[in-house]
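# Coordinate inspection notes
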Amino acid sequence: MNFYDSYDALLTPEERDLVAAASAFCQGEFRSHLLDSHNQNKPYDTAWIGKWAQAGFLGLQTPRQFGGHDASFLCKIRVAQAMAEHSFAAAFAINNLQGSVTRVARQGSDKHREELLEGMLGGAILCAPAMSEPGGGSDLGALTTRARRVDGGWRISGTKSWITNGQIIQCANVLSRIGDPGDGVEETASFLVPLADGATFRREEIYMPGARSFRLSHLTFQDHFVPDWGLFTPPGQALKASMASVNSARVHVAAMCVASTRSALSEAVVYAQGRQAFGKSLIRHQGLAWELAEVSLRLEAASALVLRAAIAVQSGAPALTLAAQAKKFAVDVAVWGIDQCLRAMGATGASAMHRLAMLSAETRLAAFGDGTSEMLLDRIGKGLAAEYGPSSPAKEISK
Ligand SMILES: Cc1cc2nc3c(=O)[nH]c(=O)nc-3n(C[C@H](O)[C@H](O)[C@H](O)COP(=O)(O)OP(=O)(O)OC[C@H]3O[C@@H](n4cnc5c(N)ncnc54)[C@H](O)[C@@H]3O)c2cc1C
């Protein structure tokens, strides 16, 4: 049985073809390019985004009427896993672009689609969500970016931090308070903000050694003009809207962590089969085989949890606790498991010939975006009574 069979069994035949095409895309030249770029301490070449767009993957979840594939959530995570087998950061960043296309296609107005969608589907307009700030990551309520009404639009001031793809985007979906400080208005909105470096906008790379493919950046706005049509989520609804997508974002990250761990384990097993020590292959030394066996156990457990959470998200069932559990556990398994795999290969595992050091540096950062591990534990703790208490749905079913 293939590792991903239980996921793929839930896809349509057309979606299985999409996953196969994504896997084929990510093999060969792209795979080598990702590792070479990492070894040169560079991000991957953005030309690959254009090729990914040409292959139709930026429109993965865009409705067919707008030129996309209208794929399911499970298909989306399988496509992301196909890339995360080779680089977690590239998968995270490129699929983040695809998420923005989906949002504009599904939740945008006719005007948003008219202005942006064709360019976004083709990879000419790259767009990313921008919520975190220097003074507020986990605590979104600490938001200080402000948008004030002016003739024909809005003017935005503030700094967004840790923005994935921030160095390469032409548009950002910026979460902002409305009005001037002290005017008593505390509503938030989000804006599709056209970005062109100049007097009112600048970007600054956040240098992440070993993980530059996230292309993290600060984005600073100073009275930056946004036309009327740029208002995306109306005042009062933006925080709620960003929370509405949090479960799917967490399960998506968890699924990519599973894929990166599976890839690392496969690399370690192949190496341990071929490498001889003390007259037999490494894998036949019980101490080492047990270490990798432990990785396989936790990987399978993480994968089963991710699949359960993904099914809940896809079916619209309550998934707040499950999604938090899936992300917390899958990130922990990736950070610990990839390191185990690297050590099982001796010094070779840490060398530029293998992708273990890259996957290790990249997945470590998965612990922050879309809920830090502490915030997720907090969320799971708050859900304990509802999920596992005496009147929980699980108990009722087992009666
Ligand atoms: C690779 C990567 C990509 C990212 N991409 C984006 C993006 O595209 N868009 C975007 O808007 N943001 C993005 N972020 C930012 C990310 O969302 C934040 O890093 C995250 O929200 C945490 O914020 P912070 O880093 O400021 O840490 P803080 O919120 O300052 O937290 C610092 C530490 O304190 C802990 N902590 C905070 N509050 C509590 C609490 N109540 N109880 C217990 N512990 C607590 C945290 O868990 C953490 O360990 C990205 C981050 C990374 C690393």
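Refer to the structure printed above.
Residues numbered from 1 in each chain as written. Predicted model: local features only at pLDDT ≥ 70, side-chain atom pairs only at ≥ 80, totals over all residues. Heavy atoms only, no water.

### Quick word on the packing of helix α5 (residues 73-84) against helix α9 (residues 246-274)
Their axes nearest at 8 Å, the elements α5 and α9 cross at an angle of 35°. Crossing hand, α5 versus α9: right-handed. Here Phe73, Lys76, Ile77, Ala80, Gln81 and Ala84 of α5 come into contact with α9, specifically with Ser248, Val251, His252, Ala255, Met256, Val258, Ala259 and Ser260. Residues that form the contact of α5 with α9 fall into these classes: nine nonpolar, four polar and one charged. (Axes fitted to C-alpha atoms, helices over the stretch in contact; angles between N-to-C directions. Helix = DSSP H or I, 4+ residues; strand = E, 2+ residues; numbered from the N terminus. Left-handed = near helix turned anticlockwise from the far one by under 90°. Contact = heavy atoms within 4.5 Å. Nonpolar A, V, L, I, M, F, W, Y, C, P; charged D, E, K, R; others polar.)

### So, the packing of aromatic side chains
Scanning the model with the defined rule gives 13 aromatic pairs in all. Centroid distance Phe3 to Tyr4: 4.9 Å. Interplanar angle 85°. Geometry classified as edge-to-face. By relative accessible area, which is 17% here, Phe3 ends up buried. Among the residues examined, Tyr4 registers a relative accessible area of 7% and is labelled buried. Residues Phe30 and Trp48 carry aromatic rings whose centres are separated by 4.7 Å and whose planes lie at 35° to one another, so their mutual orientation is tilted. (Phe/Tyr/Trp six-rings, centres within 6.5 Å; stacked < 30°, edge-to-face > 60°. Buried < 20%, exposed > 50% of the residue type's maximum accessible area, 1.4 Å probe, protein only.)

### Observations regarding the site of the ligand
Around the ligand there are 19 residues in total, and Ser132, Ser138, Thr164, Thr372 and Glu374 lie nearest to it. Contact distances for the ligand include 2.6 Å between an oxygen atom and a side-chain N or O atom of Thr372. Glu374 places a side-chain nitrogen or oxygen 2.6 Å from an oxygen atom of the ligand. In the complex, 66% of the free accessible area of the ligand, which totals 960 Å², lies under the protein chains. Elements represented by at least two residues in the shell around the ligand include exactly α6 (88-107), β1 (127-130), β3 (153-163) and α13 (373-388). Classifying every residue of the shell around the ligand gives 11 nonpolar, seven polar and one charged. In this structure, the shell around the ligand is formed jointly by two domains, domain 2 (129-234) and domain 3 (245-385), each of which donates at least three residues. (Near = heavy atom within 4 Å. Polar contact = N/O pair within 3.5 Å; in protein donor to acceptor, adjacent residues only side chain to side chain. Areas by Shrake-Rupley, 256 points an atom, 1.4 Å probe, with all protein chains shown as cover. Domains from an automatic or database assignment.)

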